There are 2 protein chains.
Amino acid sequence: MKNKAWTLASFPTGWVSEENFRLVEAAAPQPKEGEVLVKNLWLSLDPYMRGRMSEQKSYVKGVEIGEIMTGQTVGEVVESKDPAFRPGEKVLTGLGWQLYGCAKGAELNKLPEGRAPLSYYLGCLGMPGMTAYFGLNEIGQPKKGETVVVSAASGAVGSVVGQLAKIAGCRAVGIAGGKAKCDYVVKELGFDACVDYKAGNLYRDLKAACPKGVDVDFENVGGETLDAVLRLMNPFSRIVVCGLISDYNATEPYALKTFRSILVNRIKVQGMIVFDWKDRYGEALKALGGHLATGRLKYRESVLEGIESAPRGLIGLLKGENFGKQLVKLA
Amino acid sequence: MKNKAWTLASFPTGWVSEENFRLVEAAAPQPKEGEVLVKNLWLSLDPYMRGRMSEQKSYVKGVEIGEIMTGQTVGEVVESKDPAFRPGEKVLTGLGWQLYGCAKGAELNKLPEGRAPLSYYLGCLGMPGMTAYFGLNEIGQPKKGETVVVSAASGAVGSVVGQLAKIAGCRAVGIAGGKAKCDYVVKELGFDACVDYKAGNLYRDLKAACPKGVDVDFENVGGETLDAVLRLMNPFSRIVVCGLISDYNATEPYALKTFRSILVNRIKVQGMIVFDWKDRYGEALKALGGHLATGRLKYRESVLEGIESAPRGLIGLLKGENFGKQLVKLA
């Protein structure tokens, strides 16, 4: 079996380009005692990956030059030297951007078959769904009748946030790029409104969409978007700082002009990463799975074919070109 | 009895100047039924007053042109048409920048005599002390062994914050302007270190003073100071946004460059105003009074003489020229 893997060739300055990656071919690795050889079926592409392609301090250590690009996959066990795993079983892995990889059993999570498409465990039933669930509920703490704004609203996290806000009895207002995404957010996902930031009047349009101000901002974008939302935040409102994608490719960080709103409105702002709730994933999975089963949670995927397309997929994702959860189908 | 009162003559653009105020003389007012005539003894000058001299939205309605400047005073009852008050009693008032004023009994708080100097009820036993107490404990939540940074460390709020942090078993690091203030903060107030922001190497010096990073930032200043502290914040640290004095006189708000640290370090940031804890003032008064009595809480006042000096006092305060709690002695 031949493996193909994308390694980091260089740290990007500003926007990521395909030159920052190198495709390496080699024989698939052999599992050692206690290890499992996995054939990856789906690779998840996520904005946090940009942060790993950097020498800057972040949550966790970044990818080093020559290392395989980090990422979650859904795969199938090919060969197992861990008695707990058998060939054919489906698993969630952290094997990254490659076709085959070996991992210790403890690093893999078995996935149930038949309940939901396997790829969903990289999206609405995976890290993005958990992020939406814990960020909104634990930090955002939405109350019935409040207004919840979420940026990157058609994306893997944002789409779940808005639908959970609706289920909680809130007014859900999205921010997305372009009419097609905004239409989808309102008509398919059931948000009350969605503002197209590309239309050039973000603050004015957002104000019109939030006649009672904003009580919860689930922030995925940062930059000018956050500045606009901060001007509309209500007293005692909450900001979930989940992502700042507008900053990730900037050579100079965006300079925020409206920090004072945090003081004046006694806003609670909190940065989050979903790992902080890892002992409660079961609770989120149950809730999200239930909403999926009853049709209250809708979900969309954007699929690229073949490992070769992974760099292009990440670059598009960082530019907001994806429409729904970005995946690469590997097999 | 002749009254003198400072009214707002114009809204300042940028820095406040004496021309923004007008001194009005008139006969002292007569109390109506249910009212109390108070002779003010001490006027408190506080940074929040700059926010009231603005048409910009803030916590509460601002002062309008021609209205008396807002402010807390300690005064003595001269004449009472409320049976609950008798001449000679000392009261905490919101009568503002004037020598005499009438208020309803319900708007006054009687002060005990003999326990502490009356002026302390405008400082370490008043709004600034309460602000320090609730902001640090409720939002900052300092734990033994953690590092607490406080800007404007020699001021009315900052000095109490650092001393309470020491009492809680923390490393207390101040930020203040000039060697004299920094020496005072360390040698008199007992902080572990104090960084002179005027020395021109705020980030470097603060880093040296916080070898284990920063767990709690009690932010009174904002701007470049906040940007420097944000670069040193630890994972799961807290920022109490109490004041942004560096912004109050800016015609353009300072643009914050390090917001990303909130995400990466999962920082909790919360804006505060002390009124939000008004039903718990008694608890704070008891704690602060106890620390004063045992000598663990030290306190310094900066006193100007005469109502005429009030505008100059506020202007100096906004520039950081005061050294300790800024008061005007009115009688």
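From a predicted model like this one, the values you see are computed outputs, not experimental measurements.

**Side note on the overall build of chain A**
Working step 1: For chain A, the helix and strand inventory stands at 10 helices and 15 strands.
Working step 2: For a compact globule of 331 residues, the expected C-alpha radius of gyration is about 20 Å, and chain A comes in at 20 Å, within 12% of that figure.
Working step 3: Considering only C-alpha atoms, chain A reaches an extent of 60 × 45 × 35 Å along its principal axes.
Working step 4: A burial count over chain A gives 53% of its 331 residues as buried.
Working step 5: Sequence-distant contacts, at least 24 apart, represent 65% of the contacts inside chain A between residues at least 6 apart.

**Some remarks on the domain arrangement of chain A**
Size of an interface: often given as the accessible area lost when the parts come together.
Residue and element names in this part refer to chain A.
Working step 1: The assigned domain composition of chain A is domain 1 (2-123 + 299-329) and domain 2 (127-275).
Working step 2: In this complex, domain 1 contributes 16 residues to the contact, which on the side of domain 2 involves 14 residues.
Working step 3: In terms of residue class, the side of domain 1 that touches domain 2 is built from 7 nonpolar, 7 polar and 2 charged.

**Looking at the packing of helix H2 (residues 127-140) of chain A against helix H9 (residues 281-293) of chain A**
Residues and elements named next belong to chain A.
Working step 1: The interhelical angle for the contact between H2 and H9, taken along N-to-C directions, is 100 degrees, at an axis separation of 10 Å. With respect to each other, H2 and H9 are oriented roughly perpendicular. Residues Gly-129, Met-130, Tyr-133 and Phe-134 of H2 pack against Tyr-281, Ala-284, Ala-287 and Leu-288 of H9.
Working step 2: Here the contact of H2 with H9 is built from residues that sort into 7 nonpolar, 1 polar and no charged.

**Some details on the sheet that holds strand S13 (residues 268-271) of chain B**
Working step 1: With respect to topology, 12 strands assemble into an open sheet ordered S10(A)-S9(A)-S8(A)-S11(A)-S12(A)-S13(A)-S13(B)-S12(B)-S11(B)-S8(B)-S9(B)-S10(B), the strand pairing being mixed. If you trace the sheet from one side to the other, it starts and ends with strand S10 (193-196) of chain A together with strand S10 (193-196) of chain B, each paired once. Going across the sheet, the axis of each strand differs from the next one's by a mean of 15 degrees, ignoring polarity.
Working step 2: Looking at chain direction, strand S8 (residues 147-151) of chain B and strand S11 (residues 214-219) of chain B are connected through 3 bridges and run parallel. When the bridges of S11 of chain B are listed, Val-149 of chain B appears paired with Asp-217 of chain B.
Working step 3: Helix-sheet contacts for helix H5 (residues 202-209) of chain B involve strand S9 (171-176) and S10 of chain B, and the interaxial angle to S10 of chain B is about 175 degrees.

**Quick word on the pairing of strand S15 (residues 325-329) of chain B**
Residue and element names in this part refer to chain B.
Working step 1: In terms of residue burial, S15 counts as a mostly covered element, since 4 of its 5 residues are buried.
Working step 2: Of the pairings in the sheet, the one linking strand S3 (residues 35-44) to S15 comprises 3 bridges and is antiparallel in character. Counterpart to Trp-42 in the pairing with S15 is Lys-329.
Working step 3: As defined by bridge partners, strand S14 (residues 301-305) adjoins S15 across 5 bridges and the pair is classed as parallel.

**Considerations on the relation of the copies chain B and chain A**
Working step 1: Structural alignment of chain B on chain A gives an RMSD of 0.0 Å, achieved by rotating through 180 degrees and translating 0.0 Å along the axis. Expressed as a symmetry operation, the mapping of one chain copy onto the other fits a two-fold axis.
Working step 2: Here 100% of the contact residues of chain B are again contact residues in chain A; the copies associate through an equivalent surface.

**Let's talk about the interface of chain B and chain A**
Working step 1: Counting residues at the interface gives 26 residues for chain B and 26 residues for chain A.
Working step 2: Mapped onto the side of chain B that touches chain A, the elements with two or more residues apiece are helix H8 (260-264) and S13 of chain B.
Working step 3: The residue makeup of the side of chain B that touches chain A, split by class, is 14 nonpolar, 5 polar and 7 charged.
Working step 4: Here 3 bridges tie strand S13 (residues 268-271) of chain A to S13 of chain B, and the two strands are oriented antiparallel to one another.

**Some details on unusual backbone geometry**
Residue and element names in this part refer to chain A.
Working step 1: Positioned with a positive phi, Ala-152 is a non-glycine residue whose angle comes to about 55 degrees.
Working step 2: Secondary-structure assignment places Ala-152 in the loop between strand S8 (147-151) and helix H3 (156-167).
Working step 3: Positive phi values are uncommon outside glycine, yet Phe-236 reaches one of about 65 degrees.
Working step 4: Counting through the fold element by element, Phe-236 comes out in strand S12 (residues 233-241).

The rules behind these values
- Residues numbered from 1 in each chain as written.
- Chains lettered and ligands numbered in written order.
- Predicted model: local features only at pLDDT ≥ 70, side-chain atom pairs only at ≥ 80, totals over all residues.
- Helix = DSSP H or I, 4+ residues; strand = E, 2+ residues; numbered from the N terminus.
- Rg over C-alpha atoms; globule rule 2.2 N^0.38 Å.
- Buried ≥ 20, exposed ≤ 12 C-beta atoms within 10 Å, placed from the backbone.
- Contact = placed C-beta atoms within 7 Å.
- Domains from an automatic or database assignment.
- Nonpolar A, V, L, I, M, F, W, Y, C, P; charged D, E, K, R; others polar.
- Axes fitted to C-alpha atoms, helices over the stretch in contact; angles between N-to-C directions.
- Parallel < 35°, antiparallel > 145°, perpendicular 65-115°, else oblique.
- Pairing = 2+ DSSP bridges.
- Least-squares fit on C-alpha atoms with pLDDT ≥ 70 in both.

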